[in-house]
Protein chains: 2
Amino acid sequence: MRQRSPASADLDDVDLKILQQIEDDFDVSLETVADQLGLSKSAVHYRITNLKENGIIEGVTADIDPFALGLEMVSITDVSVTHREGYSENIGERIMAIDGIEQVYYTMGDVDFVAVSRVQTRDQLNDLIEEIVAIDGVDETSSKFVLEEFHDARNVTANLTQSGRDAILDP
Amino acid sequence: MRQRSPASADLDDVDLKILQQIEDDFDVSLETVADQLGLSKSAVHYRITNLKENGIIEGVTADIDPFALGLEMVSITDVSVTHREGYSENIGERIMAIDGIEQVYYTMGDVDFVAVSRVQTRDQLNDLIEEIVAIDGVDETSSKFVLEEFHDARNVTANLTQSGRDAILDP
DNA sequence: AATGAAATCGACCAGCA
DNA sequence: TGCTGGTCGATTTCATT
């Protein structure tokens, strides 16, 4: 698995406000953010640089509308595997590597993996599921079609509860 | 549901290459992208501006490591609802509005909604599930705990098959 | 749709609390 | 370490093709 920053990254109130702003929209000028916080542009820039270096900001990316690329079919596929030593991580990565697979979760319970996929056509969906089944160790799959999605991008700061916010601020 | 750009957005090869680059990393200089494509910096900027105006680029955002905020617990919750007129869309939005909910899918099949949540503590997870159950029209829920995730951010261009790429380029 | 020049904004640095 | 103000380089904008 990928390296992650420690759970107890010491962020203060100002960091959190900056993160909230730029996680929603990085296309704001430094000056706007600085004015809102009563800081100079340099100070905001300094903090953003640190947040990047500490891995708290993993990167800055453009969010693309999948529909613009004709990616209109979303499915959720439950995957069961035969349990062998160390296979699970490998299988997760192999599912993830298939074109059209967007997210893979390895879960506790009778279903082992849950995969979210996004494709243009039924043929692509068929191919994708066949590729999952072809992976060594995969037992059976069960897919459901998604009719509608609800989410405002990936928004970790927006989804914090108040107690969660407090937990970050005073360790 | 939110307005989306048409499936047949007329993109050319150059647009697709720009999207691929900036979806992965917007922190590249215009000059780098321009050089790779044999264009001027202004031309690349002109295209990016258009892609934003046409809604193909939905926005530019910072990706934050959830672990840095202590968000270490991920769950997938299946939600069944009693079927009444027009309730489904409303319920989806109400689930989505709960703190800690990251994504909600409305699906065909016996399970109606699939919700992905990310919280810091078991208490927060408990609260979250209670809030789902409290929604009018929700019948029953079933949750599984996620042990590991596989995904490289949201990467719609990277997940295109070759035939998918071709389908976009020649309509 | 793409270009080059001009205005604006972000990145970096030295210095300071 | 966190911040300021200034400088330089990059990006954005605009007139022009």
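As a starting point, this report considers the structure included with it. What you see is a predicted model; the values in this text were computed from it and never measured.

1. Here's the deal with the sheet that holds strand E3 (residues 101-107) of chain B
Here is step 1 of the chain: Read once around its circumference, the closed barrel built from eight strands follows the order E2(A)-E4(A)-E3(A)-E5(B)-E2(B)-E4(B)-E3(B)-E5(A), with strand pairing classed as antiparallel. Taking the axes of each pair of neighbouring strands and ignoring which way they run, one obtains an average angle of 35 degrees across the sheet.
Here is step 2 of the chain: Where E3 of chain B meets strand E4 (residues 113-119) of chain B, five bridges bridge the pair, whose relative direction is antiparallel. By the bridge assignment, Ile 101 of chain B is partnered in E4 of chain B with Ser 117 of chain B.

2. A look at the protein's contact with DNA strand C
Here is step 1 of the chain: Neighbouring DNA strand C are the residues Val 28, Ser 29, Leu 30, Lys 41, Ser 42 and His 45 of chain A together with Ser 40, Ser 42, Ala 43, Tyr 46 and Arg 47 of chain B.
Here is step 2 of the chain: Near-protein atoms of DNA strand C (within 4 Å) split between backbone and bases, with sugar and phosphate holding 59%.
Here is step 3 of the chain: One of the side-chain nitrogen or oxygen atoms of His 45 of chain A is found 3.1 Å away from a phosphate oxygen of DNA strand C.
Here is step 4 of the chain: Counting only elements with at least two residues in the surface near DNA strand C, the list comes to helix H3 (41-53) of chain A together with helix H3 (41-53) of chain B.
Here is step 5 of the chain: By residue number, the principal contributor to the surface near DNA strand C is H3 of chain B, which donates four residues.
Here is step 6 of the chain: When grouped by side-chain class, the residues that make up the surface near DNA strand C number four nonpolar, five polar and two charged.

3. Brief notes about the protein's contact with DNA strand D
Here is step 1 of the chain: The local shell around DNA strand D consists of Ser 40, Ser 42, Ala 43, Tyr 46 and Arg 47 of chain A together with Ser 29, Leu 30, Lys 41, Ser 42 and His 45 of chain B.
Here is step 2 of the chain: Among atoms of DNA strand D positioned within 4 Å of the protein, sugar and phosphate together represent 62%.
Here is step 3 of the chain: For DNA strand D, a phosphate oxygen lies 2.5 Å from a polar atom in the side chain of Ser 40 of chain A.
Here is step 4 of the chain: In the model, a phosphate oxygen of DNA strand D is placed 3.3 Å from a nitrogen or oxygen of the Tyr 46 of chain A side chain.
Here is step 5 of the chain: When contributions to the surface near DNA strand D are tallied by element, the ones reaching two or more residues are H3 of chain A together with H3 of chain B.
Here is step 6 of the chain: No other element matches H3 of chain A, which puts four residues into the surface near DNA strand D.

4. Thoughts on the interface of chain A and chain B
Here is step 1 of the chain: Each partner contributes to the interface: chain A provides 77 residues, whereas chain B provides 77 residues.
Here is step 2 of the chain: Here chain A and chain B share an interface that buries about 7200 Å² over both sides, 58% of which is from carbon and sulfur atoms.
Here is step 3 of the chain: If you sort the residues of chain A by the area they bury against chain B, Ile 64, Tyr 105 and Phe 150 of chain A come out on top, with a joint share of 10%.
Here is step 4 of the chain: For the pair chain A and chain B, the interface holds two salt bridges.

5. What to know about the relation of the copies chain A and chain B
Here is step 1 of the chain: In screw terms, the move from chain A to chain B is a rotation of 180 degrees and a rise of 0.0 Å along the axis, fitting with an RMSD of 0.1 Å. Within this description, the copies of the chain are treated as partners about a two-fold rotation axis. Taking the C-alpha atom as reference, chain A places Thr 61 of chain A closest to the rotation axis, 2.9 Å from it.
Here is step 2 of the chain: Both copies contact each other with a shared surface, as 100% of the interface residues of chain A are interface residues in chain B too.

6. Re helix H1 (residues 13-24) of chain A
For the α-helix, the turn length of 3.6 residues means that residues three or four positions removed from each other point alike.
Here is step 1 of the chain: For H1 of chain A, which comprises 12 residues, the first-to-last C-alpha distance of 17 Å matches the rise-based estimate of 16 Å (1.5 Å per residue) to within 8%.
Here is step 2 of the chain: Taken as a whole, H1 of chain A has its buried residues at Asp 15, Leu 16, Ile 18, Leu 19, Ile 22 and Glu 23 of chain A. The buried residues of H1 of chain A all sit within an arc of 160 degrees when viewed along its axis, so they share a single face.
Here is step 3 of the chain: Where the residues of H1 of chain A are buried, they touch helix H2 (30-37), H3, strand E1 (57-64) and helix H6 (162-169) of chain A together with strand E1 (57-64) of chain B.
Here is step 4 of the chain: Of the residues flanking the start of H1 of chain A, the one acting as N-cap is Asp 12 of chain A, its side-chain oxygen 3.2 Å from the backbone nitrogen of Val 14 of chain A.

7. What to know about the packing of aromatic side chains
Here is step 1 of the chain: One pass over the structure, following the stated rule, counts four aromatic pairs over all chains.
Here is step 2 of the chain: Pairing Phe 113 of chain A with Phe 150 of chain B gives two aromatic rings, centres 6.5 Å apart and planes at 50 degrees, and the pair type is tilted. Taken together, the residues Phe 113 of chain A in strand E4 (residues 113-119) and Phe 150 of chain B in strand E5 (residues 138-150) connect one chain to another.
Here is step 3 of the chain: In this structure Phe 113 of chain A comes out as buried when scored by relative accessible area, which is 0%.
Here is step 4 of the chain: By relative accessible area, Phe 150 of chain B is classed as buried at 7%.
Here is step 5 of the chain: These aromatic residues form a ring-pair network of at least three members: Tyr 106 and Phe 113 of chain A together with Phe 150 of chain B.

The rules behind the values
- Residues numbered from 1 in each chain as written.
- Chains lettered and ligands numbered in written order.
- Predicted model: local features only at pLDDT ≥ 70, side-chain atom pairs only at ≥ 80, totals over all residues.
- Heavy atoms only, no water.
- Pairing = 2+ DSSP bridges.
- Helix = DSSP H or I, 4+ residues; strand = E, 2+ residues; numbered from the N terminus.
- Axes fitted to C-alpha atoms, helices over the stretch in contact; angles between N-to-C directions.
- Near = heavy atom within 4 Å.
- Polar contact = N/O pair within 3.5 Å; in protein donor to acceptor, adjacent residues only side chain to side chain.
- Nonpolar A, V, L, I, M, F, W, Y, C, P; charged D, E, K, R; others polar.
- Contact = heavy atoms within 4.5 Å.
- Buried area = accessible area lost by both parts, 1.4 Å probe.
- Salt bridge = Lys/Arg side-chain N within 4 Å of Asp/Glu carboxyl O.
- Least-squares fit on C-alpha atoms with pLDDT ≥ 70 in both.
- Expected span 1.5 Å × (residues − 1).
- Buried < 20%, exposed > 50% of the residue type's maximum accessible area, 1.4 Å probe, protein only.
- Arc of directions from axis to C-beta.
- Phe/Tyr/Trp six-rings, centres within 6.5 Å; stacked < 30°, edge-to-face > 60°.

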